[in-house]
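# Chains, contacts and geometry: an overview
Take a look at the letters that make up each chain.
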Amino acid sequence: MNYKQLGNTDLKISELSFGTWAIGGSWGKVNDTEALKGLQRAMDLGVNFFDTADVYGDGHAEELLAKATKGKESEIHIASKFCRAGDIHDPNNYSEERVRAYCESSLKRLNRETIDLYQIHCPPLEILQDGSVFDVLEKLKAEGKIRYYGVSVETVDEGLYCIENTNASSLQVIFNIFRQKPMEELFPQAVKNGIGILARVPLASGLLTGKFSKDTTFEEDDHRRFNQDGEAFNVGETFAGLEFKKGVELSKQLEWIAKGRENMTKAALKWILEHEAVTSVIPGFRNVKQVEDNLGALEVKDYTQEEMEQLKTFYHDNVKDYIRGVY
């Protein structure tokens, strides 16, 4: 495992870490026993960073992390997120009273005194431009409730605004073979300004595992069913904004990346790891097998320059015009 410094913080985090949306909820049936085993296996294999949010299973993911990391609070770093339990467009949702309440609730569920990285959870640009929420975060940081803060963004413009106008230490962005836009302008600016990058939705909600067919169906409580067209939140969070059948079609065209890299999952994650600007990639998981498979990306062969160029051309010629939603 390689460890990389998260932006301008003193946190050194595993370059492949894990998100916990899938073990919290909205990805079909959850199994806490399997989730806890997966968390333990990840830590055994060197993972020291987990990303969560107060709305993942209405706090359930945070509670699972508390159980899994008990006694390891100083060595296992946790990032959580806030604001989506309320109206993300309402300025009052970002008041000191509300943000403190969100923070205290997360701290209680995590059974911690400090959140290592506290992120605003995909707020609209006008909230970022208002800026008052950052004053609240600075207060929480000064009080030791949080160590650092960052922003999970939906668009490149939101990320660039944060870099230019705030003291955020990190940005969390959707980044995968189907969503390459961030590396054009956002990544160079993040590196220049010492901002950490967390790459989420790295497997495009499973499309880049190559395991789906156009006939695949999902459970009713799985966002890959109820948010396929952006009915619940930004469509980009589901299948990276691609219409499902189109995404399956495109994933079939990428099967070649698995050659010499065992499978598409490892190959797709490896592609992200090749980007120096990315501090950590945070795939999800629901069991030990998925943890091990994802971590296997660290061991497979690098991409050649020709392969990287081929994938860049594939994105520009075959993918980007089909991405829906703001990005």
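Right, let's walk through the structure included here. (Residues numbered from 1 in each chain as written. Predicted model: local features only at pLDDT ≥ 70, side-chain atom pairs only at ≥ 80, totals over all residues. Heavy atoms only, no water.)

## Here's the deal with the overall build of the protein chain
Secondary structure assignment for the protein chain yields 13 helices and ten strands. On C-alpha atoms alone, the protein chain measures out to a radius of gyration of 18 Å, which is about the 20 Å that the 2.2 N^0.38 rule sets for 327 residues. Across its three principal axes, the protein chain shows a C-alpha extent of roughly 50 × 40 × 40 Å. In the protein chain, which comprises 327 residues, the share counted as buried stands at 57%. (Helix = DSSP H or I, 4+ residues; strand = E, 2+ residues; numbered from the N terminus. Rg over C-alpha atoms; globule rule 2.2 N^0.38 Å. Buried < 20%, exposed > 50% of the residue type's maximum accessible area, 1.4 Å probe, protein only.)

## Considering the packing of helix α3 (residues 60–68) against helix α4 (residues 96–110)
Put simply, α3 and α4 touch, their axes get as near as 7 Å, and they point 40° apart. Our classification of the angle between α3 and α4 gives oblique. On the side of α3, the interface is formed by Glu62, Glu63, Leu65 and Ala66, while α4 contributes Ser106, Arg109 and Leu110. Broken down by class, the residue content of the contact of α3 with α4 amounts to three nonpolar, one polar and three charged. (Axes fitted to C-alpha atoms, helices over the stretch in contact; angles between N-to-C directions. Parallel < 35°, antiparallel > 145°, perpendicular 65-115°, else oblique. Contact = heavy atoms within 4.5 Å. Nonpolar A, V, L, I, M, F, W, Y, C, P; charged D, E, K, R; others polar.)

## Some thoughts on the pattern of salt bridges
Going through the model one piece at a time under the given rule, you end up with 21 salt bridges. Residue Arg100 is joined to Glu96 by a salt bridge in which the shortest nitrogen-to-oxygen separation is 2.9 Å. Remark: Glu96 and Arg100 occur in helix α4; sequence separation between them is four residues, near one turn of the helix. Residue Arg100 is classed as partly exposed on the basis of its relative accessible area of 24%. With a closest N to O distance of 3.7 Å, Lys320 and Asp321 form a salt bridge. (Salt bridge = Lys/Arg side-chain N within 4 Å of Asp/Glu carboxyl O.)

## Let's talk about the side chain of Lys4
Its place among the elements puts Lys4 in strand β1 (residues 3–5). Within the structure, Lys4 has its side chain in polar contact with the backbone oxygen of Glu276 (distance 3.1 Å). Residues in contact with Lys4, not counting those within four places in the same chain, are Leu11, Lys12, Ile13, Glu15, His275, Glu276, Val278 and Thr279. (Polar contact = N/O pair within 3.5 Å; in protein donor to acceptor, adjacent residues only side chain to side chain.)

## Examining helix α2 (residues 32–44)
With 13 residues, α2 extends 18 Å from end C-alpha to end C-alpha; this agrees with the ideal 18 Å at 1.5 Å per step. Residues of α2 that are buried sit in contact with β3 (18–19), α1 (21–24), β4 (49–51), α3 and α12 (288–295). Looking at where α2 begins, the residue whose side-chain oxygen comes 3.1 Å from the main-chain nitrogen of Thr33 is Asn31. Positioned one or two residues after α2, Gly46 has a phi angle of 105°, which is positive. (Expected span 1.5 Å × (residues − 1).)

## Concerning the side chain of Thr155
Position of Thr155 among the secondary structure elements: in the loop between β7 (146–152) and α7 (156–165). When sequence neighbours within four positions are dropped, the list of residues in contact with Thr155 reads Val326 and Tyr327.

## Some details on the sheet that holds strand β5 (residues 77–82)
Strand pairing in a sheet relies on backbone hydrogen bonds, with the paired strands running either antiparallel or parallel. Spatially, eight strands are ordered β3-β4-β5-β6-β7-β8-β9-β10 in an open sheet, and the strand pairing comes out parallel. The two strands at the open ends of the sheet, each matched to only one other strand, are β3 and β10 (280–281). (Pairing = 2+ DSSP bridges.)

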